[in-house]
Amino acid sequence: MVTVGDLVIAKGFYEGILGFKEIVCPLQDGKRIWYKIGNQQLHVNLQEKYHKSGFGHFAVSVEYDQYHNYAKQVSELGKVSCESKEFADGVYRFFIDDPFSNTVEIHQEYKNA
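Residues numbered from 1 in each chain as written. Predicted model: local features only at pLDDT ≥ 70, side-chain atom pairs only at ≥ 80, totals over all residues. Heavy atoms only, no water.

This part covers the side chain of D98. Take D98: it is sitting in the loop between strand 7 (92-97) and strand 8 (103-108). Assessed through its relative accessible area of 4%, D98 is described here as buried. A polar side-chain atom of D98 sits 2.7 Å from the main-chain amide nitrogen of F100. At 3.1 Å, the side chain of D98 and the backbone nitrogen of S101 are in polar contact. (Helix = DSSP H or I, 4+ residues; strand = E, 2+ residues; numbered from the N terminus. Buried < 20%, exposed > 50% of the residue type's maximum accessible area, 1.4 Å probe, protein only. Polar contact = N/O pair within 3.5 Å; in protein donor to acceptor, adjacent residues only side chain to side chain.)

Structure representation (structure tokens):
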């Protein structure tokens, strides 16, 4: 779950830049958006008196063979805070902050996962 100050702006980021697909949220109160990411869900919740905290962080795994294309596509659409590079565990990662200072880590799936 991440907290945001404006759902329209959040939707533009999570759908427009990251390409996440919205799913139906059973709480139809206009204060949240849910996304399906593989076998997981991301819940984006509106906080009416929002103050940027910068503490939200979650990671998303991208299929091994699709990672580099996805990283290029995202970097062309949004400002990444850390360019794609290989880390000590042998997989590539990049980081991008949403408009509300939540950090999204995108990493390449482990080859033998």
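After that view of the structure, there is still more to cover.
This brings us to the sheet that holds strand 2 (residues 21-23). Spatial ordering of the open sheet is given by 1-4-3-2, a layout of four strands whose pairing is mixed. At either end of the open sheet lies a strand with only one pairing partner, and these are strand 1 (2-4) and strand 2. For this sheet the average axis-to-axis angle between neighbouring strands, irrespective of direction, equals 35°. As paired strands, strand 2 and strand 3 (residues 32-37) are joined by three bridges and run antiparallel to one another. Within strand 3, the residue paired with E22 across the bridge is Y35. Packed on one face of the sheet, helix 1 (residues 7-17) meets strand 1, strand 2, strand 3 and strand 4 (40-46) and runs near 10° to strand 3. (Pairing = 2+ DSSP bridges. Axes fitted to C-alpha atoms, helices over the stretch in contact; angles between N-to-C directions. Contact = heavy atoms within 4.5 Å.)

The values are spatial; any link to function lies outside them.
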